[in-house]
Amino acid sequence: MSTRVEHDSMGEVRVPEQALYGAQTQRAVENFPVSGDPMPEPFVRALLLCKRSAAQANGRLERLPVDVTNAIVDACDQLLADPSVMLHFPVDVFQTGSGTSSNMNANEVIATIASERLSLEVHPNDAVNFGQSSNDTIPTAIHVSSVLVLTSSLVPALKHLENTIRDKAKEVGSYVKTGRTHLMDAMPVTLGQTLIAWADQLAEAIVQLEQQLPGLQALGQGGTAVGTGVNGHPQFAREFCLSLSAVTDIEFEPATNPFTRIGSQDVAVALSGALKRCAVAISKLANDLRLMNSGPLSGLAEIELEALQPGSSIMPGKVNPVIPESAAMVAAQVIGNDAAVTVAGQSGSFELNVMLPLLANNLLHSMHLLTNVSHLLADRAVATFTVNEANLQASLARNPILVTALNERIGYTKAAAIAKRAYREGRAVIDVAAEDTEISREELAVLLDPARLTGEG
């Protein structure tokens, strides 16, 4: 590979000839051959938006010449419009804990493009990074990327899943099925009650996610190195947020105390907790679908999920619940990501948290997974499953727990004896109750009607 020589404060570095980045990025590439995974693209794009907004703020405050300001803004716009932008951002996630390497990566790439536009040097530190520090820029980019992904991708995907469930509840809601507690037969419920419970569980999780937005929209940019704002203009934070709000159509504002956004990452931890709640809700939904689909002969077989692919390399004809299984694995991964975020959130020492890249990566990874699997669950599992009414009715007819409806008439002890006999003899509860009580069969048919017992009959 042909190279060129670049310089930084530590001396010479050989950089790939065509690379837009410079010496500090190359040092990071060589220093951190850890995972092979670069920072997530939404983070990189948010970082570019932050650099663009910082240049505009400094320009309005007359801290940068107009031509340099415009060149930086144009360079950021060029990169943001480039579908292959990640080719210029190779720094590994597991880098310096402040994310300085990623910050300098952005500074160097932007400076290269801006310098070409002006035909004079635009310095990555003195111009692109003017009035900024990695210590306030990286936490800000974490917040901005999280807000953008939440509002444009994750929340719409979760709402799509919620709405799909509600639509399915209207379609199949009148079917009555055996309820189950402890995985054992319990009182009957309708499919509508089951599905609406899923939808409401998701709706509450979405509300908690949206409650994170005000904290995320309060930014630490302007605190610079330790929160004091050294080398920054007193109005920089406000001007930065005005520029960022204008380009994103989302209202950002300076944090009341920038120290809280640099030394700690409690807002990110809270967001991760809300993502974990979404994962738990999706896990519940996925496992219910898998169990209801189990069979087709020896399981519950209450519903039939859409057949998407052969289920076995050795057993012909086997079809598995692959979408719910995928969703369950996503839930496990998000819960694992949250554990890592929790540890990272604890890693604030005095004026700086030093696990910022890990925070960014795990938050955005969780949101990416939850977004995609929500669409899959909605479109390839919930919307397309069919109901096996014959199996529902057969289970209801044999369910000895229906005798609970007779408690007030015959007492718990007598009802338990009827339930045990019905189960032991493999008979319907109504037949045994007709023999062992003075209640007429006609009245028993009303009392033991599964639809009535759901509260919706």
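Since the structure is predicted, the reported quantities are computational estimates derived from the model, not experimental observations.

Enquirer: Help me understand the overall build of the chain in this model?
Expert: When helices and strands are counted, the chain shows 19 helices and ten strands. In terms of overall size, the chain is more extended than a compact globule, its C-alpha atoms giving a radius of gyration of 30 Å where 457 residues would be expected to give roughly 23 Å. Considered along the principal axes of its C-alpha atoms, the chain spans approximately 100 × 50 × 35 Å. Looking at the chain residue by residue over its 457 residues, the buried ones come to 50%. Considering only contacts within the chain whose residues lie at least 6 apart along the sequence, 72% involve residues at least 24 apart. A total accessible area of about 20,700 Å² is found for the chain, and carbon and sulfur atoms account for 53% of it. Of note, the chain has its 32 positive side-chain charges centred 8 Å away from the centre of its 49 negative side-chain charges.

Enquirer: How should the environment of L244 be read in this particular structure?
Expert: Take L244: it is sitting in helix 9 (residues 236-248). Between the C-alpha atom of L244 and that of V330, which follows or precedes it by 86 residues, the distance is 32 Å. If we ignore the near neighbours within four places in the chain, the residues touching L244 are L49, S53, V144, L219 and F252.

Enquirer: I tried to follow helix 12 (residues 322-345) on my own but got confused; where do I start?
Expert: Residue pairs spaced three or four apart in an α-helix point in one direction, given the helix's 3.6 residues per turn. Taking 1.5 Å as the rise per residue, helix 12 with 24 residues should run 34 Å; its terminal C-alpha atoms sit 34 Å apart, in good agreement. What helix 12 keeps buried is the set I323, P324, A327, V330, A331, V334, N337, D338, V341, A344 and G345. Residues of helix 12 that are buried sit in contact with helix 11 (266-293), strand 8 (348-349), strand 9 (352-353) and helix 13 (356-382).

Enquirer: Is there a simple way to explain the nonpolar core in this structure?
Expert: A general feature of soluble globular proteins is that nonpolar side chains tend to end up buried together. One finds F43, I72 and L289 to be the most contacted residues of the largest nonpolar core, which totals 109 residues. Each residue touching F43, except ones within four places of it in the same chain, is listed here: S102, I138, A141, I142, S145, A360 and L364. In this structure, V403, I418, V429 and L447 belong to the second largest nonpolar core, which totals 15 residues.

Enquirer: I keep staring at the environment of S349 and nothing clicks. Help me out?
Expert: Secondary-structure assignment places S349 in strand 8. Sequence separation between S349 and A417 is 68 residues; the distance between their C-alpha atoms is 65 Å.

Enquirer: What is the right way to look at the state of the cysteines in this model?
Expert: What makes a disulfide is a covalent bond joining the sulfur atoms belonging to two cysteines. If you walk through the whole model with that rule in mind, you get zero disulfides. For the unlinked cysteine C241, the closest cysteine sulfur is that of C50, found at 9.3 Å. We classify C241 as buried; its relative accessible area is 1%.

Enquirer: Would you explain the pairing of strand 4 (residues 184-190) in this entry?
Expert: Along any regular strand, the residues point their side chains to alternate faces of the sheet. Bridge count between strand 3 (residues 176-181) and strand 4: six bridges; the pairing is antiparallel. Across the sheet, K177 pairs through a bridge with V189, a residue of strand 4. Once strand 3 ends, the chain turns through two residues before running back antiparallel as strand 4, passing H182 with a positive phi of about 60 degrees.

Enquirer: Hey, could you run me through the pattern of salt bridges in this one?
Expert: For side chains bearing opposite charge, pairing can occur when the charged atoms are close. With the rule as written, the count across this model stands at 22 salt bridges. Two residues, E41 and R45, come together in a salt bridge whose shortest N-O distance is 2.9 Å. Pair noted here: E41 and R45 are both in helix 2 (residues 41-60), with a separation of four residues, about one helical turn. The exposure class assigned to E41 is partly exposed, which follows from its relative accessible area of 32%. Between R421 and E435 there is a salt bridge, and its shortest N-O distance comes to 2.7 Å. Taken together, the residues span a long stretch of sequence, with R421 in helix 16 (residues 412-425) and E435 in helix 17 (residues 429-436) at a distance of 14 residues. What you see here is one network of salt bridges that share partners, running through R421, E425, R427, E435 and D436.

Enquirer: Looking at this structure, I do not really get the packing of helix 1 (residues 23-31) against helix 4 (residues 100-118). What am I missing?
Expert: When two helices pack together, their arrangement is captured by the angle between the axes and the distance separating the axes. Relative orientation of the contacting elements helix 1 and helix 4 amounts to 140 degrees, with a least axis distance of 8 Å. Taken together, the axes of helix 1 and helix 4 are oblique relative to one another. For the pair helix 1 and helix 4, the sense of crossing is left-handed. On helix 4, the residues touching A23, Q24, T25 and A28 of helix 1 are S101, M104, N105 and E108. The residue inventory of the contact of helix 1 with helix 4, partitioned by class, reads three nonpolar, four polar and one charged.

Enquirer: Got a minute to help me understand the packing of helix 2 against helix 4 in this structure?
Expert: Between helix 2 and helix 4, the shortest axis-to-axis distance is 11 Å and the interhelical angle comes to 60 degrees. Classed by the angle they form, the pair helix 2 and helix 4 counts as oblique. Both helix 2 and helix 4 take part in a crossing whose hand is right-handed. For the pair formed by helix 2 and helix 4, the contact residues are F43, L47, L48 and K51 on the first element and S102, N103, A106, N107 and I110 on the second. Along the lines of polarity and charge, the residues of the contact of helix 2 with helix 4 split into five nonpolar, three polar and one charged.

Enquirer: Is there a simple way to explain unusual backbone geometry in this structure?
Expert: Among all residues except glycine, the phi angle is most often negative; among peptide bonds, the trans geometry is most common. Cis geometry marks the peptide bond from G295 to P296, where omega comes out at 10 degrees. Structurally, the position occupied by P296 is in the loop between helix 11 and strand 7 (303-304). Backbone geometry at E62 places phi at a positive 60 degrees, although glycine is not the residue there. Here E62 is to be found in the loop between helix 2 and helix 3 (66-80). Of the residues examined, E62 reaches a relative accessible area of 73% and is grouped as exposed. A positive phi angle is found at A301, which is not glycine, with a value near 50 degrees. Along the polypeptide, A301 turns up in the loop between helix 11 and strand 7.

Enquirer: Honestly, the packing of aromatic side chains in this entry has me stumped. Any pointers?
Expert: Pairs of aromatic rings are described using the distance from one ring centre to the other and the angle between the two planes. On inspection of all chains with the given rule, the structure shows one aromatic pair. A cation over a ring is seen here: K168 above F385, with NZ or CZ 4.7 Å from the ring centre.

Definitions and cut-offs
- Residues numbered from 1 in each chain as written.
- Predicted model: local features only at pLDDT ≥ 70, side-chain atom pairs only at ≥ 80, totals over all residues.
- Heavy atoms only, no water.
- Helix = DSSP H or I, 4+ residues; strand = E, 2+ residues; numbered from the N terminus.
- Rg over C-alpha atoms; globule rule 2.2 N^0.38 Å.
- Buried < 20%, exposed > 50% of the residue type's maximum accessible area, 1.4 Å probe, protein only.
- Contact = heavy atoms within 4.5 Å.
- Areas by Shrake-Rupley, 256 points an atom, 1.4 Å probe, with all protein chains shown as cover.
- Lys, Arg positive; Asp, Glu negative; His and termini not counted.
- Charge placed at Lys NZ, Arg CZ, Asp CG, Glu CD.
- Expected span 1.5 Å × (residues − 1).
- Core = buried A, V, L, I, M, F, W, Y, C linked by side-chain atoms within 4.5 Å.
- Disulfide = S-S within 2.5 Å.
- Pairing = 2+ DSSP bridges.
- Salt bridge = Lys/Arg side-chain N within 4 Å of Asp/Glu carboxyl O.
- Axes fitted to C-alpha atoms, helices over the stretch in contact; angles between N-to-C directions.
- Parallel < 35°, antiparallel > 145°, perpendicular 65-115°, else oblique.
- Left-handed = near helix turned anticlockwise from the far one by under 90°.
- Nonpolar A, V, L, I, M, F, W, Y, C, P; charged D, E, K, R; others polar.
- Phe/Tyr/Trp six-rings, centres within 6.5 Å; stacked < 30°, edge-to-face > 60°.
- Lys NZ or Arg CZ within 6 Å of the ring centre and 35° of its normal.

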